[in-house]
Amino acid sequence: MAHSTPLRIAAAQSTSIAGDAMGNARTHLGFIHRAADRGVQLLVFPELSLTGYEPALHARSVLEPGHPALVLLGQAAADAGMSVVVGAPALPCQPGALPAIGAWLLSPDGSATLYRKRYLHPGEDTFASAGDADASVHKIAGEPVALAVCADATRPAHAKAAHGAGAHLYATGALISARGIDEESAQLQGYAATHGFAVLLANHAGSSGGYVSAGRSAVWQPGGACVVAAEGAGDCLVLAQRDAAGGWTGEVVRWDGCA
């Protein structure tokens, strides 16, 4: 697909404190500020980044519109002129159902849009309910971007629906362990090759809910070539840029205090 405008995107490979939405939001602010310094237009955080992936805390950690953490980060996104995707438990599609696993898209115009994880891993249905949208595509920096959360990206039907809805970028926040990272990275690379869109993975930087993340957040360009990837775990920004000619470059940025 032809492009004529530059695009700069990033995965925020971040660490989450269990159940501490405001503490995690302050950590998110540091990532947003550093991403803004580098001209990032879309910044994606891992699955449930604002609370951690904590099944035992999920029901009492729901973030509704107007929550101080979302307000704080929404203002930061607006100030930076950046779209930011953050993760948190959310109200379900159906009243009375278990809370959803949500991804909030905070846009430069001040709006906040909720996507609910469509496909659940085995066992997640004991604390969460699934969303009902097969494709959640939004115009970000002029590009149609599809959002996904972890297990969504293991279902080829989800990526196919995103492609059918016109996505140019498939962006997923996740918690993937060392045992699963090779297989799931290969699957994401395969989507970039099969569907001709770019793919971004934002994985947790460390442990959450008893699961040890592999890190290795990455971006693949259309066609499947890896643009950039973190070598392992630890806090960092994984940046990728498409130039006006359609060429891709990337870098991993760490700073003092990163693990």
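Procedures and definitions
For every chain, the first residue of the written sequence is number 1, and numbering continues from 1 along that sequence. Totals for whole chains, interfaces and linings use all residues, but because this is a predicted model, local features are given only for residues with pLDDT of at least 70 and pairs of side-chain atoms are given and counted only at 80 or more. To get the side-chain values, all heavy atoms of the structure are used, and hydrogens and water are removed first. Only Phe, Tyr and Trp rings take part, Trp by its six-membered ring, and two of them pair if their centres are within 6.5 Å. Stacked means planes under 30 degrees apart, edge-to-face means over 60, and tilted covers everything else. Labels follow the DSSP assignment, with helices taken as runs of H or I lasting at least four residues and strands as runs of E lasting at least two, numbered in each case from the N terminus. In this scheme, a residue with accessible area under 20% of its type's maximum is buried, one over 50% is exposed, and one in between is partly exposed, where area comes from a 1.4 Å probe on protein chains only. Throughout this description, the term charge over a ring refers to an Arg CZ or Lys NZ atom that lies within 6 Å of the ring centre and within 35 degrees of the ring normal. Residues belong to one nonpolar core when they are buried, are Ala, Val, Leu, Ile, Met, Phe, Trp, Tyr or Cys, and are joined through side-chain atoms within 4.5 Å. Contacts: residue pairs with any heavy atoms within 4.5 Å of one another. When two cysteine sulfur atoms are found within 2.5 Å, that pair is recorded as a disulfide. In this scheme, strands are said to pair when DSSP sees at least two bridges between them. Note on geometry: axes are lines fitted to C-alpha atoms, helical ones only across the stretch in contact, with angles between N-to-C directions running from 0 to 180 degrees. Handedness of each helix crossing follows the sense of rotation of the near helix against the far helix: counterclockwise by less than a right angle gives left-handed, clockwise gives right-handed. Any residue that is not Ala, Val, Leu, Ile, Met, Phe, Trp, Tyr, Cys, Pro, Asp, Glu, Lys or Arg is counted as polar, Gly included; the first ten are nonpolar and the last four charged.

Asks: How do you make sense of the packing of aromatic side chains when you look at a structure like this?
Replies: For any pair of aromatic rings, geometry is given as the distance between the ring centres together with the angle between the planes. This structure, assessed with the given rule, holds five aromatic pairs. Centroid distance Phe 31 to Phe 45: 5.8 Å. Interplanar angle 75 degrees. Geometry classified as edge-to-face. With a gap of 14 residues between them, Phe 31 in helix H1 (residues 21-37) and Phe 45 in the loop between strand S2 (42-44) and helix H2 (68-80) connect regions that are remote in the sequence. On the basis of relative accessibility, which here comes to 2%, the residue Phe 31 falls in the buried class. Arranged with centres 5.9 Å apart and planes meeting at 80 degrees, the rings of Tyr 170 and Tyr 191 form a pair that is edge-to-face. Residue Tyr 170 is found in strand S8 (residues 169-174), and its partner Tyr 191 is found in helix H4 (residues 178-195); the two are separated by 21 residues along the sequence. Through pairs of rings, three or more aromatic residues link up here, namely Tyr 53, Phe 127 and Tyr 211. Here Arg 118 stacks its cationic end above the ring of Tyr 119, 5.1 Å away from the centre of that ring.

Asks: I'm lost on the nonpolar core in this one. Help?
Replies: One broad trend across soluble globular proteins is that nonpolar side chains are buried collectively. Ile 9, Tyr 170 and Leu 200 are the most contacted members of the largest nonpolar core, which has 53 residues in total. Here Ile 9 is in contact with Val 40, Leu 42, Leu 169, Leu 200, Val 219, Val 238, Leu 239, Ala 240 and Trp 248, once residues within four sequence places are set aside. Judged by nonpolar contacts, the second largest core, of 28 residues, contains Ala 10, Ala 25, Ala 35 and Val 86.

Asks: Can you help me understand the state of the cysteines in this one?
Replies: Structurally, a disulfide amounts to a covalent bond that connects the sulfur atoms of two cysteines. The final tally for this structure, using the stated rule, is zero disulfides. This cysteine, Cys 150, is not joined by any disulfide, and Cys 236 carries the nearest cysteine sulfur, 17 Å off.

Asks: Explanation requested: the sheet that holds strand S6 (residues 137-140) in the structure shown.
Replies: Hydrogen bonding along the main chain pairs the strands of a sheet, whether they run parallel or antiparallel. Here we have six strands laid out as an open sheet, ordered S6-S7-S8-S9-S12-S13, and mixed in their pairing. Both edges of this open sheet fall to S6 and strand S13 (226-229), since each of them pairs with a single strand only. Neighbour-to-neighbour, the strand axes of the sheet open up by a mean angle of 20 degrees, direction not taken into account. As judged from the three bridges shared by strand S12 (residues 218-220) and S13, these two strands associate in the antiparallel manner.

Asks: Could you clarify how one ought to interpret the environment of Ile 9 in this entry?
Replies: As for its position among the elements, Ile 9 is in strand S1 (residues 7-13). Sequence separation of Ile 9 and Ala 186 is 177 residues, and the distance between their C-alpha atoms is 20 Å.

Asks: What am I meant to see in unusual backbone geometry here?
Replies: Both trends apply: most residues other than glycine have a negative phi, and most peptide bonds are in trans. The phi dihedral of Ala 141 is positive, around 50 degrees, even though this residue is not glycine. One can find Ala 141 in the loop between S6 and strand S7 (143-149). Ala 141 gets classed as partly exposed once you look at its relative accessible area, which sits at 39%. Even without being glycine, Cys 150 reaches a positive phi, approximately 45 degrees. On the secondary structure map, Cys 150 appears in the loop between S7 and helix H3 (156-164). Overall, the relative accessible area of 3% leaves Cys 150 in the buried class.

Asks: What exactly am I supposed to notice about the packing of H3 against H4 here?
Replies: A pair of packed helices is captured by two measures, namely the crossing angle of their axes and the spacing between those axes. Viewed as axis vectors pointing N to C, H3 and H4 meet at an angle of 35 degrees, and their least axial separation amounts to 11 Å. Relative to H4, H3 is oriented so that their crossing is right-handed. Across from Pro 156, Ala 159, Lys 160 and His 163 in H3, the residues of H4 making contact are Gln 187, Tyr 191 and His 195. When the residues that make up the contact of H3 with H4 are grouped by side-chain class, the tally is three nonpolar, three polar and one charged.

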